[in-house]
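Report on the structure
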Amino acid sequence: MEKEAVTLLKNLLMQQNRKTVTLDALQEVCRRMDYAPFHDAITSLQQDGVLAPIKAGGCDHGGLARKYTIHLGPLFAASAARIQQEAIEDAISGTLDLSWYMSHPYGEWQRDRTAIETLSNYLQQLSCPPAELPKTSLQQRSYDIFGDEKFLLSDGGLLTRLGLSREALGVAPEADPLMMAFHPTDSMLPSPAYENGHICYYHLIVENKAPWMALFPHLAETTLTSLILGYGWKILASIDQLPAQCGYPKAHHIAWYFGDFDWEGLRIWHELAEKCETLDGRIELRLAVPFYAAFLTHPESHGKEQQSPAPEALGAFLRQMPELLRSRSCHLLKSGCYYPQEALGTDELLSCLKETLHGT
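The paragraphs below set out a description of the structure included in this document. Nothing here was measured: the structure is a model prediction, and the numbers come from that model.

1. Focus on the side chain of T136
- For T136, the location among the structural elements is in the loop between α7 (106-125) and α8 (138-146).
- A relative accessible area of 17% means that T136 is categorised as buried.
- For T136, the contacting residues outside a window of four places in its chain are R141, G170, V171 and A172.

Pasting the structure below:
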């Protein structure tokens, strides 16, 4: 019974967020036991250094303190030794501080072990210290490391648990950008182009912040009037403001759209295109095909199997793609594969943009 009581008590103590615990709380978890094995279990935990009596709190009739200080080191000694051995087996980089895991339940290490090994391998394969990497967004670095642009966003505590700052991974601190950036010329906008007798202004809409941030410093090198951040579905609510907001409400505006290559991204593009058709010809939405073609030169990502298919959007999308790429594009989407925008680096983004604008 004493061993069972020790196990129950240790499980309780491992879940405590406070540094102290009352005797009443300890007794509650062993309430179905006689006092004798409970007393022996508390005494055993005191001898092991897990519990230290707080004398000022007084004692009960059996001499047990009514309040104890919890010492995490002895409490987690067994799991810490196991974690240390497994970290050696995984050849975890010394850059990563595992002390947090040494003072928490072993399950926390089990949950993060694969991600930690992936991060460790990334750090060890770098040719320079991570802080000296070209600065980029958290989403881009997350994709570089885990092949998932949202991993470090969805598990934002991983770096903290490992004692690693974002700056140490070459992640640039950045505020959310404005939704639109104008071409930085003296007249604010480049000279307008003409298509079919219309004065035209060109725009590029990108779905996510990371590619927006990558392209923004090069905006002056293009013939774009503006670079627009779509932020997923938010662009649908504001696209009709584009002509007035850029100061040319009566001109013809041509906007290319570049989003994630998944069912959700296709839905956004398709519904945006349908909305633009209702705006009296002021905005013509085109698919930025070179970006999507460039995706197919990279290994696909997995994990979007739960997204609902969008057959109508897919059909419209495939009609815009080169015939040679249609079959593979369709197969990837139907297989639950996808490409986030972060799959393309800055040089590729610029190359795709130039190719997109080449025919204008």
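2. With respect to the sheet that holds strand β3 (residues 67-70)
- Sheet architecture is open: three strands sit in the order β1-β3-β2, paired in antiparallel fashion. The open sheet has two edge strands, β1 (20-22) and β2 (51-53), and neither has a second partner. Recorded for the sheet is a direction-independent mean angle of 35° between the axes of neighbouring strands.
- Across three bridges, the pairing between β2 and β3 is antiparallel. Of the residues in β3, the one forming a bridge with P53 is Y68.

3. A closer look at unusual backbone geometry
- One non-glycine residue, Y231, lies in the positive phi region at around 50°.
- Residues other than glycine seldom take positive phi values, yet D280 does so here, at roughly 55°.
- Examined against the element boundaries, D280 turns out to sit in the loop between α14 (263-276) and β9 (283-287).
- Exposure remark for D280: the relative accessible area of 72% places this residue in the exposed category.

4. Focus on the packing of α14 against helix α16 (residues 311-320)
- Between α14 and α16, whose axes approach to 9 Å, the crossing angle comes to 80°. Taken together, the axes of α14 and α16 are roughly perpendicular relative to one another. For the pair α14 and α16, contact is made by W263, L266, R267, W269, H270 and E274 and by E312, A313, L314, A316, F317 and Q320, respectively.

5. A word on the pairing of strand β8 (residues 252-258)
- With seven of seven residues buried, β8 is to be regarded as a mostly interior element.
- Residues H252, I254, W256 and F258 point to one face of β8 and H253, A255 and Y257 to the other, with burial holding for every one of them.
- Inspection of the sheet shows β8 paired to β9 by five bridges, in the parallel sense. Pairing of H253 across the sheet is with I283, part of β9.
- Following the chain from β8 across α14 to the adjacent parallel β9, one finds a crossover that is right-handed.

6. Side note on the state of the cysteines
- Using the criterion set out here, one finds zero disulfides in the structure.
- Of all cysteine sulfurs, the one in C59 lies closest to C30, which takes part in no disulfide; the gap is 19 Å.
- For C30, a relative accessible area of 4% gives the class buried.

7. Points about the side chain of S120
- When you line up the elements, S120 lands in helix α7.
- Those residues within four positions of S120 in sequence are excluded, and the remaining contacts are A91, I92, S93 and L96.

8. Examining the pattern of salt bridges
- Under the criterion given, the structure shown has 12 salt bridges.
- The shortest N-O distance in the salt bridge between E28 and R31 comes to 3.1 Å.
- Residue E28 is classed as partly exposed on the basis of its relative accessible area, which comes to 45%.
- The class of R31 is exposed, set by a relative accessible area of 55%.
- Here R113 ties to E86 by a salt bridge, and the two come within 3.2 Å at their closest N and O atoms. Residue R113 is located in helix α7, and its partner E86 is located in helix α5 (residues 77-89); the two are separated by 27 residues in the primary sequence.
- Owing to a relative accessible area of 10%, E86 belongs among the buried residues under this scheme.
- Taken together, the salt bridges that share partners define one network made up of R82, E86, E89, D90 and R113.

9. Some words on the nonpolar core
- Membership of the largest hydrophobic core comes to 63 residues, with the highest contact counts inside it found for L204 and F261.
- Counting residues per element, this core draws most heavily on α14, at seven residues.
- Beyond its immediate chain neighbours, meaning those up to four positions away, F261 contacts L266, Y292, F295, L296, F317, S329, L332, L333, C337, Y338 and Y339.
- With 24 residues, the next largest nonpolar core counts A87, I92, Y106 and L133 among its residues.

10. A closer look at the packing of α16 against helix α17 (residues 323-334)
- Close contact between α16 and α17 brings their axes to 9 Å; oriented N to C, the two are set at 150°. Taken together, the axis directions place α16 and α17 in an arrangement best described as roughly antiparallel. Classified by chirality, the crossing of α17 by α16 is right-handed. Here L314, F317, L318 and R319 of α16 come into contact with α17, specifically with R326, S329, C330, L333 and K334.
- Class assignment for the residues of the contact of α16 with α17 results in five nonpolar, one polar and three charged.

Reading guide: rules and limits
- Residues numbered from 1 in each chain as written.
- Predicted model: local features only at pLDDT ≥ 70, side-chain atom pairs only at ≥ 80, totals over all residues.
- Heavy atoms only, no water.
- Helix = DSSP H or I, 4+ residues; strand = E, 2+ residues; numbered from the N terminus.
- Buried < 20%, exposed > 50% of the residue type's maximum accessible area, 1.4 Å probe, protein only.
- Contact = heavy atoms within 4.5 Å.
- Pairing = 2+ DSSP bridges.
- Axes fitted to C-alpha atoms, helices over the stretch in contact; angles between N-to-C directions.
- Parallel < 35°, antiparallel > 145°, perpendicular 65-115°, else oblique.
- Right-handed = clockwise from strand over helix to strand, strands pointing away.
- Disulfide = S-S within 2.5 Å.
- Salt bridge = Lys/Arg side-chain N within 4 Å of Asp/Glu carboxyl O.
- Core = buried A, V, L, I, M, F, W, Y, C linked by side-chain atoms within 4.5 Å.
- Left-handed = near helix turned anticlockwise from the far one by under 90°.
- Nonpolar A, V, L, I, M, F, W, Y, C, P; charged D, E, K, R; others polar.

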